[in-house]
Amino acid sequence: MKAAFFRQHGGPEALEYGDYPDPVVKPGEVLVDVHAASVNGADWRVVAGAYGPVSFFPYCPGRDFSGVVSALGDGVTDFQVGDEVFGVCDVGIEAAYAEKVAIKASLLARKPAGLSHVEAASLALIGLTALCAVEDTLKIQPGETILVQGGAGGVASFAIQVAKHTGCRVASTTSAGNVDYVRSLGTDQVIDYNQADFATVLSGFDAVFDTVGGDVGLRSYLVLKPGGRAAFIASGPKAPPTPRTDVTGLRPAVGRDRAHLDRISALVAAGAVRVPEITVFSLADAAQANAVSRGRHFRGKLVLKVR
Ligand SMILES: NC(=O)c1ccc[n+]([C@@H]2O[C@H](COP(=O)([O-])OP(=O)(O)OC[C@H]3O[C@@H](n4cnc5c(N)ncnc54)[C@H](OP(=O)(O)O)[C@@H]3O)[C@@H](O)[C@H]2O)c1
């Protein structure tokens, strides 16, 4: 099969397109013909070796995808060949930048009705991450206020919409060119981070979801009211240290399972969440897509169209 992979760690240009061994389906797994694979901020870091060296070369990255079931491993009874599915690879097991992927059946769900494969692929990991953060970890409630940092990004785009659907008042940060986009997601108050300092403008918030990291993450604690809580996904494996004793910093555990994928589909079906703005690349252009991802100033999601 064709895939995008790297033979040694390096910049996005280390990704090459070519022939790669077909995956072998184990018991409990499903073989999926991948139609679209999502590009995530983690991917260029995997290529760079930022999480440590990968365990073998050549290595095919890619965490989430949408496609069609083409074979079933022993013991799989909940899917049939021909089913349209979307899914997120298990932690530490990747390889979605490819024409085929073998994946545990429990990490797959039916593709959301009415969405193309490109749209479904765009939602899997960002939706799962946003749900784990705002519903499972922050446990946002109707009437609460939440600041979602980095509103134009994929995870934040989804989180803003879930928070609005829950009945929260939502503020978000972005650059000038993305203000209208972030507003179109339902955000009540959008702050252009080049024009104003969110920590000066905002205060008394119940919750913060930070998807930006660094100093933005650290300073997010400042907008919370006493008893407030903040969740961080871009500051490493732990929440950054809080300078306050009256607020809580949390690092969501992003579990991968069918229940969260089904929740994404339900939110789409209810009209509560729409797909983010998507820029499509071919699988052969995975290196170019990862260079854009590394730049961190695009809107919505980057998706590889595989077939
Ligand atoms: N399992 C997990 O823990 C998990 C899963 C998924 C993602 N993540 C992490 O979550 C983070 C977000 O991922 P993502 O894919 O949604 O987006 P991303 O690709 O990391 O970020 C892109 C967005 O960040 C915005 N941005 C950059 N600097 C900003 C700033 N100073 N203030 C506000 N916005 C800023 C950009 O908007 P502008 O162009 O307007 O600046 C752009 O839209 C990444 O670090 C990713 O690795 C973690």
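To be clear, the structure that these remarks concern was listed above.
All of the points below concern the structure found in this document.

**Regarding the sheet that holds strand β8 (residues 145–149)**
So, step 1. Strands sit in the order β10-β9-β8-β11-β12-β13 across an open sheet of six strands; the sheet is parallel. Both edges of this open sheet fall to β10 (189–192) and β13 (248–250), since each of them pairs with a single strand only. Averaged over all pairs of adjacent strands, the angle between their axes in this sheet comes to 15 degrees, without regard to strand direction.
So, step 2. Examined bridge by bridge, strand β9 (residues 169–174) and β10 share four bridges and lie parallel to one another. When the sheet's bridge partners are listed, A171 is paired in β10 with Q189.
So, step 3. Along the sheet face, helix α3 (residues 154–166) touches β8, β9 and β11 (205–210) and points at about 170 degrees away from the line of β8.

**Some remarks on the site of the ligand**
So, step 1. Contacts to the ligand come from 30 residues, most closely from G41, A152, G153, S175 and A234.
So, step 2. Of all elements in the fold, only α1 (41–48), α2 (117–137), α3 and β9 reach the threshold of two or more residues within the shell around the ligand.
So, step 3. Class assignment for the residues of the shell around the ligand results in 13 nonpolar, 15 polar and two charged.
So, step 4. Mapped onto the domain boundaries, the shell around the ligand takes at least three residues apiece from domain 1 (2–124 + 275–305) and domain 2 (126–250).

**Examining the pairing of β11**
So, step 1. With five of six residues buried, β11 lies mostly within the body of the structure.
So, step 2. With four bridges connecting them, β8 and β11 associate as parallel partners. Residue pairing across strands places V148 opposite F209, the latter belonging to β11.
So, step 3. Remark: the β11/helix α6 (residues 214–220)/strand β12 (residues 224–232) crossover connection has right-handed handedness.

Conventions and cut-offs
- Numbers given to residues run from 1 along each chain, matching the order in which its sequence is written.
- Given that this is a predicted model, residues contribute local features only at a pLDDT of at least 70 and side-chain atom pairs are listed and counted only at 80 or more, while totals for whole chains, interfaces and linings are drawn from all residues.
- Two strands qualify as a pair provided that DSSP identifies no fewer than 2 bridges between them.
- By the criteria applied, helices consist of DSSP H or I runs no shorter than four residues and strands consist of E runs no shorter than two, each listed in order from the N terminus.
- The angle between two axes is taken between their N-to-C directions and runs from 0 to 180 degrees, where each axis is a line fitted to C-alpha atoms and a helix contributes only its stretch in contact.
- Here, residues touch in the contact sense if the C-beta positions derived from the backbone fall within 7 Å of one another.
- In this text, near has one meaning. A residue is near a molecule or strand if its C-beta atom, placed using the backbone, is within 6 Å of it.
- In this count, Pro and Cys sit with the nonpolar residues alongside Ala, Val, Leu, Ile, Met, Phe, Trp and Tyr, while Asp, Glu, Lys and Arg are called charged and the others, Gly among them, polar.
- The split of the chain into domains comes from an automatic or database domain assignment.
- Neighbour density around each residue's C-beta defines its exposure: 20 or more other C-beta atoms within 10 Å make it buried, 12 or fewer make it exposed, and counts between make it partly exposed, where C-beta atoms are placed from the backbone.
- With the strands pointing away from the viewer, any crossover whose connection runs clockwise from the first strand over the helix to the second is right-handed.

Just distances and angles here, no functional claims.
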